[in-house]
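Okay, here's what each chain looks like letter by letter:
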Amino acid sequence: MQSYINQLDGVFPSVCSLDCPDQCGLLLHKKDGKIIKVEGDSNHPVTKGNICNKVRNMTARIYDSKRLSQPLKRIGAKGEGKFVPIGWEEAIDTITSKWKTLINQHGPESILPYSFYGNMGNLSAEGMDRRFFHKLGASRLERSICNAAGATGYSYTMGGSFGVDPEETIQTKLFIMWGINAVSTNMHQVTIAQQARKNGAKVVVIDVHKNQTGKWADWFIPILPGTDSALALGLMHILYAENLINQSFLDAYTVGSAELREHVRQYDPATVSAITGVSIDDLYTLARMYGSTTPSFIRIGNGLQHHDNGGMAVRTIACLPALTGQWVVKGGGAMKGNSGYLAFNTNALQRPDLLQNKKTRVVNMNQIGQALLEKENPIRSLFVYNSNPVLVAPNANKVKQGLMREDLFTVVHDLFLTETAMYADLVLPAASSYETEDFYNSYWHNYVQIQKPVIETYGESKSNVELFKLLAANMGFEDAAFQDSEEDMIRQALDFPDNPYLEGITYESLLENQFVKAKMRPLFPGNLRTPSGKIELYSEQMKQHGYEPLPTYTPIVKDSDLPFLFIPAPNHNFLNSTFSNNDKHISMEKEPKLHMNIADALKLGIDTDDMVRIWNERGECILKAAPGDNVLAGVLVSQGLWKNTPDKKQHINALTPDRLADMGNGAVFFSGRVNLEKVL
């Protein structure tokens, strides 16, 4: 396989680059050198030709008239949006000259990169950029905005990001979708569950909001936000009390079963019902269903980890399959993510050895607003790529305040003039994934995929690899690491004998096959990477790290006396801020709404489609009310990251807290409180 750029017409293989677990195989239809249609690749063994509306309409994004085609320099006030085009040579010279001055005057830690996985290609997200900023000595970014809390909690139980092979869940008889709107965020798991349903499987959804997945379920169980660990512990109480456990599995493959049995006595149904809002009858029904159905599978979502107690919640839920022995049944077990199977050589790709000062400061991306406003040893330059912090970061008004600093030199590399780019001094046009070479590893299915360029780069746009090579050359970096090609970097990353699951996945095998599956093997016996080599129901490691060694419920922080818990959930047609600026996708999603319980609406005199104001000490939003029975009383949910306009206040991250979760320094988007009133 080679680049397809020179072939003007035809159908060419591709990969979806979005930050989504499904990571679909695609086919791109070209005519006269342009992509005219995006469809799913029916030969992909998991995604099988089905794709979501976001990707089906990707051409509207790739060829959007608002897409950037050349570098821009700000000439107006920050946030005003006044820019003039400049050449790449001027842009690179301006950046490196400014940085050399800052390094001489204030040291390299005065510079901070800010990025995430707006493009899931590994070279784009964590390749030449990491090499460059390591060599530069810039402040390091702790990239923990998404799955850090849950991944840490799950690892304490299971030793890493290892779960059920989703292809095996065709055998599952009971699906528990816990805190995941899978219809919108993991559609192929839904497809597999639908197939299993035809063979008698049942689907239970546990969530704070009866979203599209809740409506699709056989049984939807609403839960109060941040009480997931209490629910899991209540289920354990019943499983032990009614002897619905698999003692032989517990004896052979777990640590701490006896301690857990005693520990969960305190989580009796009455206590747990009062905490969670789940009725006592429903607790018994769910526990007995789970304890008597095999194979059963728990799909743990991202949502519940975005609480103050999110790491412990995921750690607790991950213990459940051990009690019933589901891990040794095909189609049984759990999954938070599966990236452990496809872990590659990050040291070879990112080159942390280039960082001379190993004590270089670390800034948590969830607290970028605070960091930009620090008076002592301030950040003096911010380089943003693969992300849009003005929309995606919590406590958004504080982020904007930081970006308004006149002494902050900000550069943004993106496809569009994003909300963050409006505050930049320089804006650089980014290439799309279809214009670059990269490799991809899903965090749900177990396939590595390769992307070869399919179309010419748009205007003067550049990939992250190209951009950071240019910056390295202008900074005078002569290390061989900055001469590597995309092929070199892919080969280095895949050369990783420490991960036996990668056996047989090479640059050549990807060229030949487009996608290659990890060399799977059973987790039991002997393949867990916990300290004990077993599922750790009791974790001595957690105790050493200052946590409770047994699964425990701790309420979320009550950060104010405001009456409503607020959940800023994802919507169906955007992916975080991606697509939120595209007219086609906005027309499909229509408008933001605030879901609330009908009883709360009646008390406040609020009817359907009334405009309501929600606020706290961080900010405010004005949204259209959607009363009903989709959430419990005292809970408010709004879906999607909608940008503010002069006449609309609808940016929900203006309300979200920027404190950190219990584990992994993760985000706590879902643990904020607000007040509510009708707009008269």
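See the structure printed just above.
Residues numbered from 1 in each chain as written. Predicted model: local features only at pLDDT ≥ 70, side-chain atom pairs only at ≥ 80, totals over all residues. Heavy atoms only, no water.

S.K.: Just checking my understanding: could you explain the pattern of salt bridges for this structure?
M.R.: In a structure, side chains of opposite charge can pair up when their charged atoms sit close to one another. This model, assessed by the stated rule, comprises 30 salt bridges. Across the salt bridge formed by R67 and E435, the nearest N and O atoms sit 3.0 Å from each other. Residue R67 is located in the loop between α2 (58-62) and β4 (72-74), and its partner E435 is located in the loop between β17 (426-429) and β18 (438-441); the two are separated by 368 residues in the primary sequence. Classification of R67 as buried rests on a relative accessible area of 4%. (Salt bridge = Lys/Arg side-chain N within 4 Å of Asp/Glu carboxyl O. Helix = DSSP H or I, 4+ residues; strand = E, 2+ residues; numbered from the N terminus. Buried < 20%, exposed > 50% of the residue type's maximum accessible area, 1.4 Å probe, protein only.)

S.K.: How do you make sense of the environment of L123 when you look at a structure like this?
M.R.: Topologically, L123 is positioned in helix α4 (residues 122-126). Note: C-alpha distance between L123 and Q350 (227 residues apart in sequence) is 9.1 Å. Excluding its chain neighbours within four sequence positions, the residues that come into contact with L123 are M128, D129, L349, E437, D438, F439, V465, E486, M489 and I490. (Contact = heavy atoms within 4.5 Å.)

S.K.: Help me understand the sheet that holds strand β23 (residues 593-597) in this model?
M.R.: Sheet strands line up and pair through hydrogen bonds in the backbone, either parallel or antiparallel. Pairing in this closed barrel of six strands is mixed, and the strands run β22-β26-β23-β25-β24-β27 around the ring. Adjacent strand axes in the sheet meet at a mean angle of 45 degrees, parallel and antiparallel pairs treated alike. The sheet contact formed by strand β24 (residues 611-616) and strand β27 (residues 672-678) spans four bridges and is antiparallel. Paired with W615 across the strands is N675, a residue of β27. (Pairing = 2+ DSSP bridges. Axes fitted to C-alpha atoms, helices over the stretch in contact; angles between N-to-C directions.)

S.K.: Quick question: what am I supposed to make of the sheet that holds strand β1 (residues 10-15) here?
M.R.: Within the open sheet, the three strands sit side by side as β1-β2-β3. Their pairing is antiparallel. Of all strands in the sheet, those bounded by a partner on one side alone are β1 and β3 (34-40). Looking at each pair of strands side by side, their axes are set apart by 30 degrees on average, direction ignored.

S.K.: So what exactly am I meant to see when it comes to the pairing of strand β16 (residues 409-414) here?
M.R.: Taken residue by residue, a regular strand's side chains alternate between the two faces of the sheet. Counting buried positions over the six residues of β16 gives six, a clear majority of the element. Going residue by residue along β16, you find F409, V411 and H413 tucked away on one face and T410, V412 and D414 tucked away on the opposite face as well. Pairing geometry for strand β15 (residues 381-385) and β16, over five bridges, is parallel. Bridged to Y385 within β16 is H413. With four bridges joining them, β16 and β17 adopt parallel strand pairing. Within β17, the residue paired with V412 across the bridge is V427.

S.K.: Where do I start with the environment of E142 in this structure?
M.R.: Checked against the element boundaries, E142 lands in strand β7 (residues 140-142). Take E142: its relative accessible area is 26%, and that puts it in the partly exposed class. Expressed as a C-alpha distance, the spacing of E142 and H106, which sit 36 residues apart in the sequence, is 21 Å. Apart from the residues lying within four places of it in its own chain, the contact partners of E142 are V362, V363, N364, M365, G664 and N665. A polar side-chain atom of E142 sits 3.0 Å from a polar atom in the side chain of N364. A distance of 3.0 Å separates polar atoms of two side chains, one belonging to E142 and the other to N665. (Polar contact = N/O pair within 3.5 Å; in protein donor to acceptor, adjacent residues only side chain to side chain.)

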